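# Descriptive analysis of the structure
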Amino acid sequence: MEPNQAAPRLEFTMQAATEKDTVAFAEALAQLAGPGTVLALDGDLGAGKTRFAQAFAHAIGVTGIVSSPTYTLIKEYKGTTFPFYHMDVYRLSLAEADELGLDEYFHGEGVTLVEWASIIESILPKERLHIRLETTGPVSRKIICHPIGHSYEAWCRQLEHLTLEEEEPTA
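Model, not experiment: these values are computed from the prediction. (Residues numbered from 1 in each chain as written. Predicted model: local features only at pLDDT ≥ 70, side-chain atom pairs only at ≥ 80, totals over all residues. Heavy atoms only, no water.)

Bringing the packing of aromatic side chains into the picture now. Considering all chains together, one arrives at seven aromatic pairs under this definition. Ring centres 5.9 Å apart and planes at 35° place the aromatic pair F56 and F84 in the tilted group. Within this pair, whereas F56 is found in helix α2 (residues 49-59), its partner F84 is found in strand β4 (residues 83-88), the two being separated by 28 residues in sequence. Per residue, the accessibility class of F56 equals that of F84, and both read buried. With a centroid separation of 5.0 Å and an interplanar angle of 70°, the aromatic rings of Y152 and W155 are classed as edge-to-face. Note that Y152 and W155 are positioned in helix α5 (residues 150-167) at a spacing of three residues, about one turn of the helix. Each of the two residues, Y152 as well as W155, counts as buried. Here a set of aromatic residues connected by ring pairs shows up, and it is made of F12, F25 and F52. (Phe/Tyr/Trp six-rings, centres within 6.5 Å; stacked < 30°, edge-to-face > 60°. Helix = DSSP H or I, 4+ residues; strand = E, 2+ residues; numbered from the N terminus. Buried < 20%, exposed > 50% of the residue type's maximum accessible area, 1.4 Å probe, protein only.)

Okay, structure coming up:
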């Protein structure tokens, strides 16, 4: 590698043919999560960000209805092992988000999932998993994960390994 060349950035990409595949991916991520986990979620309107958040929340033991916090900005839920903080910053400016003290959630006892995270990227924690959902058909999605930090890079290696195991034919 050239001295001024940046190290390649690990990326995990998955094709989700159905909503069930997207839910399964959210459930797999939930198995890796713990207090302080930050998931930065982006995607076009209708790409499935809230559905992804619902599947993730249910996988960490949140019961009841998980709805989009579009107008409330932050919803807090109790999971079986740790809280779930669901944010939607679509209607916020960076300055407004900074004034709200969102960083207290990022470093708290729960898991934080931020929809439209790129809007507040500069105040997100240095370590996080950035997930982009892209619509590829009526129910299919491309899920692209960019890990930022060593622990999230390890997550992506685990997810890649699990995906390969699932695709191997059984005898």
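Here the focus is the environment of F106. Among the structural elements, F106 can be located in helix α4 (residues 103-106). Assessed through its relative accessible area of 3%, F106 is described here as buried. Between the C-alpha atom of F106 and that of G36, which follows or precedes it by 70 residues, the distance is 6.1 Å.

For an α-helix the count is 3.6 residues per turn, leaving residues at separations of three or four pointing the same way. Of the positions making up α2, those classed as buried are K49, F52, A53, A55, F56 and A57. Contacts made by the buried residues of α2 are with α1 (19-32), β2 (38-43), β4, β5 (111-115) and β6 (128-135). G61 lies just past α2 and shows a positive phi near 95°. (Contact = heavy atoms within 4.5 Å.)

A few words on the confidence of the model for the protein chain. Per-residue confidence for the protein chain averages 86 on the pLDDT scale, and 88% of its residues sit at or above 70. The model gives residues 167-171 a pLDDT under 50, and that stretch makes zero contacts with residues more than four places away or in other chains. (pLDDT = per-residue confidence, 0-100.)

Here α1 spans 21 Å end to end across 14 residues, near enough to the 20 Å set by a 1.5 Å rise per residue. Residues T22, V23, F25, A26, L29 and A30 constitute the buried set of α1. Buried residues of α1 fall within an arc of 160° about the axis and therefore sit on the same side. Turned more than 90 degrees away from the buried face of α1, the exposed residues are K20 and Q31. (Expected span 1.5 Å × (residues − 1). Arc of directions from axis to C-beta.)

Taken together, the seven strands give an open sheet; going across it, the order is β1-β7-β6-β2-β5-β4-β3, and neighbouring strands pair in mixed fashion. Looking along the sheet, the strands with just one partner apiece sit at the ends: β1 (12-16) and β3 (74-78). When the angles between neighbouring strand axes are averaged without regard to direction, this sheet yields 20°. In the sheet, β6 pairs with strand β7 (residues 141-148) via eight bridges, with the strands oriented antiparallel. (Pairing = 2+ DSSP bridges. Axes fitted to C-alpha atoms, helices over the stretch in contact; angles between N-to-C directions.)

Our focus in this paragraph is the nonpolar core. Formed by 50 residues in total, the largest nonpolar core has its most connected members in F56, F84 and I131. Those residues in contact with I131 that sit more than four places away from it in its chain are L29, L39, A40, L41, D42, F52, I143, I144 and C145. (Core = buried A, V, L, I, M, F, W, Y, C linked by side-chain atoms within 4.5 Å.)

Attention now goes to the pattern of salt bridges. Taken as a whole, this structure holds four salt bridges when the rule is applied. Ionic pairing is found between D44 and R132, a salt bridge with its closest N-O pair at 3.8 Å. Linking D44 in the loop between β2 and α2 with R132 in strand β6, this pair joins segments that are 88 residues apart in sequence. Of the residues examined, R132 reaches a relative accessible area of 30% and is grouped as partly exposed. Each of D44, R132 and E134 takes part in salt bridges that share partners, so that together they form one network. (Salt bridge = Lys/Arg side-chain N within 4 Å of Asp/Glu carboxyl O.)

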